[in-house]
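Notes for the structure review
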Amino acid sequence: MTTVDQFVAAVIASPSQYTELDQIYVHNRVCALVGDETPVEAADDQLTSLTDALVQTAIKKGKIEDSPSDKDILADQLMDLVTPLPSALNQTFWNKYQTSPQAATDYFYNLSKANDYIKTRAIAKNVVFPAKTDFGDLEITINLSKPEKDPKAIAAAKDQPENGYPLCQLCMENEGYLGRLGYPARSNHRVIRMTLGGETWGFQYSPYAYFNEHSIFLDKVHRPMVINRQTFSNLIEIVKQFPHYFVGSNADLPIVGGSMLTHEHYQGGRHVFPMMKAPIARAIDLGVAGVSAGIVKWPMSTIRLTSSNTEALLDAATKIHQAWMTYSDESVDVRAYTDNVRHHTTTPIARKVGDDYVLDLVLRDNQTSAQYPDGIFHPHQDVQHIKKENIGLIEVMGRAILPARLKTELHEVANYVLGRHNQMVAMHQPWADALKNKYDFTEANVTEIIDREVGQVFARVLADAGVFKWDATGEAAFDRFVATVKAQ
């Protein structure tokens, strides 16, 4: 069998709409995309390997250019052939949901991996290790999965209209979108339709997942993110529908928010983050019956609410959020407004534990100052050699998403502390010198020590982002805020 024949057989055997009667049709579709001469031989019979070989065939035949954008667009067109139509996929998903929510998500997740929408091969390149800290074991990842930008795509992006189609990468209009220079291919992308708060939302997986079953829940309407009572209600409704998943929202302000503030969306999945394992440091009384509350032993200022009564839980969450929106305490640099510009919001995370719903609310403040121009409650300058980007939802929960540059840079730090020839970048010098003074490095221990110290830096990053610090002054300030909440 040729690679084309093998791929056609895989299409027919897949859960797509095609059957044996469609074999000639599918064969001609594939040849139209890649050329109809002798194809490049595949490395093995895996679907991704067959697709790779067909992409190389298309390059060889001059059907596409040997560029990242062209290759991605063609690969996803081929994978679209093994993917059910949106209507069929949605029907199967909700049919399986009648068996169990997990049966439905298992189906969708496995399909999204099989058709290479979830880039499992790229994700496997990420560096992941745990790091023990005073706040438990944090999760450190160096993100190597996202591909380098195509220079042609960067140039082309300058000429794209700001109100193009789709409006953004979270819009439902990405489902089946061919892709273009500077905009990802989405021919094999599918979205599950669901209802939240009486409105249509979508559920999909993240192509470059940062954790297990990394999901995105997105508003059908392209509108900015907002945190309010409806947000909390939506999060609770999602974990009610998918009790084996957590779900949370990035904050809705720059600096403390995520990278996509223009489209309302949440992130969830099947992962227990370090923050979820963190204990309650002390119980608090918010004056809401039926809800237990406590301050979490976590570097970022977090209140945990637990209740089986969802309305009471929403009342408590809304009470905290509204109090925080207008709360200031100059003694600890907390200011709700400066020059009529709002600085306060929350990062909420919901999950189900037994019969109870748990809602963690993380207090956020996005002020800047002359001393901290990137943010008073943002990674400070002395830790930005490791992490200078926004602290979004995933990092709030204790999983660091560190830049790819660190894989090479930390290797050079290791060479430096071992006294070997190195090309260590200057910004690591103070940190590396402090490590040299602290440890007796050897070939056997250098990687373990540097990994552990990166974890300590990430713990400091989270502490920088915490509005009430874990000292006597910060704890007293946190108690004053709690008293304000209760009084409302």
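Residues numbered from 1 in each chain as written. Predicted model: local features only at pLDDT ≥ 70, side-chain atom pairs only at ≥ 80, totals over all residues. Heavy atoms only, no water.

Labelled according to an unreviewed UniProt entry, the chain appears under the name Galactose-1-phosphate uridylyltransferase, originating from Lactiplantibacillus nangangensis. According to the UniProt record, the Pathway (unreviewed entry) comment for the chain reads "Carbohydrate metabolism; galactose metabolism." (UniProt positions renumbered as here; feature names shortened; annotations may be inferred.)

Attention now moves to the overall build of the chain. A count of helical and extended segments in the chain gives 16 helices and 15 strands. In terms of overall size, the chain behaves like a compact globule, its C-alpha atoms giving a radius of gyration of 25 Å where 488 residues would be expected to give roughly 23 Å. Dimensions of the chain, computed from the C-alpha atoms along their principal axes, are close to 75 × 60 × 45 Å. For the chain, the residues scored as buried account for 55% of the 488 residues in total. (Helix = DSSP H or I, 4+ residues; strand = E, 2+ residues; numbered from the N terminus. Rg over C-alpha atoms; globule rule 2.2 N^0.38 Å. Buried < 20%, exposed > 50% of the residue type's maximum accessible area, 1.4 Å probe, protein only.)

With that settled, consider the packing of helix H1 (residues 3–13) against helix H3 (residues 47–60). To describe two helices that pack against each other, one gives the angle between their axes and the distance between the axes. Their axes nearest at 10 Å, the elements H1 and H3 cross at an angle of 135°. In terms of orientation, H1 and H3 fall into the oblique class. Considering only the axes of H1 and H3, their crossing is left-handed. The segment H1 lies against H3, with Thr-3, Val-4, Gln-6, Phe-7 and Ala-10 engaging Leu-47, Leu-50, Thr-51, Ala-53 and Leu-54. (Axes fitted to C-alpha atoms, helices over the stretch in contact; angles between N-to-C directions. Parallel < 35°, antiparallel > 145°, perpendicular 65-115°, else oblique. Left-handed = near helix turned anticlockwise from the far one by under 90°. Contact = heavy atoms within 4.5 Å.)

Okay, the nonpolar core next. Residues Phe-203, Phe-217, Phe-242, Leu-305, Ile-320, Phe-468 and Phe-481 are the most contacted members of the largest nonpolar core, which totals 60 residues. Broken down by element, this core gets its largest block of residues, eight residues, from helix H11 (residues 310–325). Ranked by size, the runner-up nonpolar core spans 50 residues in total, among them Ile-386, Ala-400, Ile-401 and Ala-459. (Core = buried A, V, L, I, M, F, W, Y, C linked by side-chain atoms within 4.5 Å.)

Turning to the sheet that holds strand S14 (residues 356–365), a few remarks are in order. With respect to topology, ten strands assemble into an open sheet ordered S3-S4-S5-S7-S6-S13-S14-S10-S9-S8, the strand pairing being antiparallel. This sheet does not close on itself; its edge strands, each paired only once, are strand S3 (192–196) and strand S8 (280–284). Adjacent strand axes in the sheet meet at a mean angle of 25°, parallel and antiparallel pairs treated alike. Pairing of S3 with strand S4 (residues 199–205), which is carried by five bridges, proceeds in the antiparallel orientation. Bridging from a neighbouring strand, Thr-195 pairs with Thr-200 of S4. Here helix H5 (residues 86–97) sits on the sheet in contact with S3 and S4, set at roughly 60° to S3. In the packing of helix H16 (residues 472–487) onto the sheet, contacts are made with S8, strand S9 (292–296), strand S10 (302–307) and S14, and the angle to S8 comes to roughly 35°. (Pairing = 2+ DSSP bridges.)

Bringing the pattern of salt bridges into the picture now. As enumerated under the stated definition, the model contains 31 salt bridges in all. Note that Arg-405 is salt-bridged to Glu-409, the shortest N-O span being 2.7 Å. Here Glu-409 and Arg-405 lie together in helix H13 (residues 405–417), a separation of four residues that amounts to about one turn. Looking at Glu-409, the relative accessible area reads 12%, which means it is buried. Among the charged side chains, a network of salt bridges with common partners joins Asp-52, Asp-76, Asp-116, Lys-119 and Arg-121. (Salt bridge = Lys/Arg side-chain N within 4 Å of Asp/Glu carboxyl O.)

Next up on the list: the environment of Pro-15. Within the secondary structure, Pro-15 sits in the loop between H1 and helix H2 (23–34). A relative accessible area of 54% means that Pro-15 is categorised as exposed. Here the alpha-carbon distance between Pro-15 and Ser-259, two residues 244 residues apart in the chain, equals 35 Å. Those residues in contact with Pro-15 that sit more than four places away from it in its chain are Val-82, Pro-84 and Leu-111.

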